[in-house]
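# An overview of the molecular structure
Residues per chain, in single letters:
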Amino acid sequence: MAEASRPAVLAIDGGNSKTDVALVAADGTLLASARGPGINAHEVGVDQTVLILDAVVKQAAAQLDRGAAGPCGLPGSSGPLARHTVACLANADLPDEEAEHATAVQAQGWSESATVVNDTFAILRSGLPDTVDGPGAHWGVAVVCGAGINAVGVAPDGRVTRYLALGTISGDWGGGYGLGLEVLWHAIRAEDGRGPSTALAGYLTSHFGVERVEEVTIGLHKGKIPDDDLIGLAPLLLRASDEGDAVARQVVERLAGEISVMAITAMRRLDLTGLATPVVLGGGVITARNPLLISGITRRLAEAAPAAEVRVIDVPPVAGAALLGLDHVHAPAAAAARLRAAYGISRP
């Protein structure tokens, strides 16, 4: 089989809401892709998580040309599917969790070697140039604000900084779930008189198709409304902010401060505040590009790190995982450019 049709990289992005898989050739050609359910190893364990990933990998593998010399890893053939696997996984928050996942992924035999990192590293890589000047690593800082919130930083010399990212117990605030709680908190207090009036109350009742906010609270309490439904409330907050609601704007300003402080602290830890540091911002809450949120972030970053280069990216995180894989197999920059074109990603 021609090299252009042979998978070199198996890229996986496993998020809380969905899992994306891509098979990529060494020249950057996107050979196959598949999407499956989300993962959460904190809830179901590593073994069950890998079973979920395996099902999506098999979906992608089944799309390859069976009439060729039979790409390895397909049913009925032997050997690995790709040269290297990069799995960027939500909830792999600690280095030892990444190592545990990597052992389980390697045992699947999908590839000759495997790397597992937190999914924030995929956001970072997708927002960085594809060539590296000198012996240094791809470097910069990334903050993702989607279902959750997290940040990582990589220095030119390869040093890494990160946060525990375990929620409130590790000092985190923000992300879709946290913002959903804020929407409900302010809405119920507006309804019962403990807080100021806010458009969030009306938006919330319309969203759930109920007459009173307390019906949502009781529904969550009794398990009739899943807790994960709170993640979908972030757009209500941003909409209310756009329309000038004072309560919503206060929450958005707080979020801008939280995203900024995560990035600035990471830069300070790595001595990057004086450099033209790429600060890559991703995740659905950020890529909604709420004017108050984006301006608040850029203003704070400009004050703390004037040379920082802020980049808001709206790309499938699996593309970042694939770029990390191409780096691992030492693919040329042209391969990364081809992959970016397949996903419609502009070069940083």
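Residues numbered from 1 in each chain as written. Predicted model: local features only at pLDDT ≥ 70, side-chain atom pairs only at ≥ 80, totals over all residues. Heavy atoms only, no water.

## Some thoughts on the overall build of the protein chain
The helix and strand tally for the protein chain stands at 13 helices and 10 strands. Taken over the C-alpha trace, the protein chain has a radius of gyration of 21 Å; the compact-globule value for 348 residues is 20 Å, and the two agree within 12%. For the protein chain, the residues scored as buried account for 50% of the 348 residues in total. Look at the contacts in the protein chain between residues 6 or more apart in sequence, and 67% of them connect residues 24 or more apart. Of the side-chain charges in the protein chain, 26 are positive and 38 negative, and the distance between the mean point of each set is 3 Å. (Helix = DSSP H or I, 4+ residues; strand = E, 2+ residues; numbered from the N terminus. Rg over C-alpha atoms; globule rule 2.2 N^0.38 Å. Buried < 20%, exposed > 50% of the residue type's maximum accessible area, 1.4 Å probe, protein only. Contact = heavy atoms within 4.5 Å. Lys, Arg positive; Asp, Glu negative; His and termini not counted. Charge placed at Lys NZ, Arg CZ, Asp CG, Glu CD.)

## Some words on the nonpolar core
Formed by 53 residues in total, the largest nonpolar core has its most connected members in Leu179, Leu204, Leu237, Leu255, Ile259, Met267 and Leu293. Per element, the largest residue contribution to this core is 12 residues, and it comes from helix H9 (residues 246-269). Ranked by size, the runner-up nonpolar core spans 32 residues in total, among them Val9, Val154, Val280 and Ala335. (Core = buried A, V, L, I, M, F, W, Y, C linked by side-chain atoms within 4.5 Å.)

## So, the packing of aromatic side chains
Taken as a whole, this structure holds zero aromatic pairs when the rule is applied. Over the ring of tyrosine 203 we find arginine 239, and its NZ or CZ is 4.0 Å from the ring centre. Here arginine 254 stacks its cationic end above the ring of tryptophan 173, 3.8 Å away from the centre of that ring. (Phe/Tyr/Trp six-rings, centres within 6.5 Å; stacked < 30°, edge-to-face > 60°. Lys NZ or Arg CZ within 6 Å of the ring centre and 35° of its normal.)

## What to know about the packing of helix H5 (residues 175-192) against H9
Running from amino to carboxyl end, H5 crosses H9 at an angle of 155 degrees, the nearest separation of the two axes being 11 Å. With respect to each other, H5 and H9 are oriented roughly antiparallel. The hand of the H5/H9 crossing is right-handed. Note on element contacts: H9 touches H5 through Val247, Val251, Arg254 and Leu255, opposite Leu179, Glu182 and His186. Partitioning the contact of H5 with H9 into residue classes produces four nonpolar, one polar and two charged. (Axes fitted to C-alpha atoms, helices over the stretch in contact; angles between N-to-C directions. Parallel < 35°, antiparallel > 145°, perpendicular 65-115°, else oblique. Left-handed = near helix turned anticlockwise from the far one by under 90°. Nonpolar A, V, L, I, M, F, W, Y, C, P; charged D, E, K, R; others polar.)

## Quick word on the environment of threonine 273
Its location among the elements puts threonine 273 in the loop between H9 and strand E9 (278-282). With 123 residues separating them along the chain, threonine 273 and asparagine 150 place their C-alpha atoms 19 Å apart. Residue contacts for threonine 273: discarding those within four places in its chain leaves Ile264, Met267, Arg268, Ala304, Ala305 and Pro306.

## Overview of the pattern of salt bridges
The final tally for this structure, using the stated rule, is 14 salt bridges. Across the pair arginine 125 and aspartate 130 runs a salt bridge, and its minimum N-O distance is 3.1 Å. Taken as a pair, arginine 125 and aspartate 130 share a single burial class, namely buried. Each of Arg125, Asp130, Asp327 and Arg340 takes part in salt bridges that share partners, so that together they form one network. (Salt bridge = Lys/Arg side-chain N within 4 Å of Asp/Glu carboxyl O.)

## Things to note about the pairing of E9
The buried count for E9 comes to five of five residues, which makes it a mostly enclosed element. Taking every second residue as pointing to the same face, both faces of E9 are buried, with Pro278, Val280 and Gly282 on one and Val279 and Leu281 on the other. Of the strand pairs in this sheet, strand E6 (residues 140-145) and E9 are connected by four bridges, and their pairing is parallel. Paired with alanine 142 across the strands is valine 280, a residue of E9. Looking at chain direction, E9 and strand E10 (residues 309-312) are connected through four bridges and run parallel. Pairing of leucine 281 across the sheet is with valine 312, part of E10. (Pairing = 2+ DSSP bridges.)

## Side note on the sheet that holds strand E5 (residues 111-118)
Spatial strand order, E3-E2-E1-E4-E5: five strands in an open sheet with mixed pairing. Strand pairing shows two members of the sheet lacking a second neighbour, strand E3 (30-37) and E5, which therefore form its edges. The mean angle between the axes of side-by-side strands here comes to 15 degrees, regardless of whether they run parallel or antiparallel. Both strand E1 (residues 7-14) and strand E4 (residues 82-89) contribute to a ladder of six bridges, which runs parallel. Within the sheet, the bridge partner assigned to isoleucine 12 lies in E4 and is alanine 87. The strands touched by helix H2 (residues 46-61) are E1, strand E2 (18-25), E3 and E4; relative to E3, the strand with the most contacts, the crossing angle is about 145 degrees. Sitting on the sheet, helix H3 (residues 95-107) touches E4 and E5, and the angle it makes with E5 is about 155 degrees.

## Some remarks on a nonpolar patch on the surface
On the surface, Leu164, Leu166 and Ile169 cluster together into a nonpolar patch covering about 310 Å² of accessible area. By secondary structure assignment, the location of leucine 166 is in the loop between strand E8 (160-162) and H5. Residue leucine 166 is classed as partly exposed on the basis of its relative accessible area of 35%. (Patch = residues over 30% accessible without salt bridge, like charges linked within 9 Å, V, L, I, M, F, W, Y side chains within 5 Å. Areas by Shrake-Rupley, 256 points an atom, 1.4 Å probe, with all protein chains shown as cover.)

## Quick look at the packing of helix H12 (residues 317-328) against helix H13 (residues 333-343)
For the pair H12 and H13, interaxial distance at closest approach is 10 Å and the crossing angle is 165 degrees. Judged on the interaxial angle alone, H13 and H12 are roughly antiparallel. Note that H12 runs across H13; the crossing there is right-handed. Together, Val318, Ala319, Ala322, Leu323 and Leu326 of H12 and Ala335, Ala336, Leu339, Arg340 and Tyr343 of H13 make up the contact between the two elements. A class-by-class count of the residues in the contact of H12 with H13 yields nine nonpolar, no polar and one charged.

## Remarks on unusual backbone geometry
Even without being a glycine, aspartate 271 presents a positive backbone phi close to 60 degrees. Relative to the assigned elements, aspartate 271 resides in the loop between H9 and E9. A relative accessible area of 58% means that aspartate 271 is categorised as exposed. The phi angle at arginine 289 is positive, at roughly 55 degrees, despite the residue not being glycine.

Purely geometric numbers; function is a separate question.
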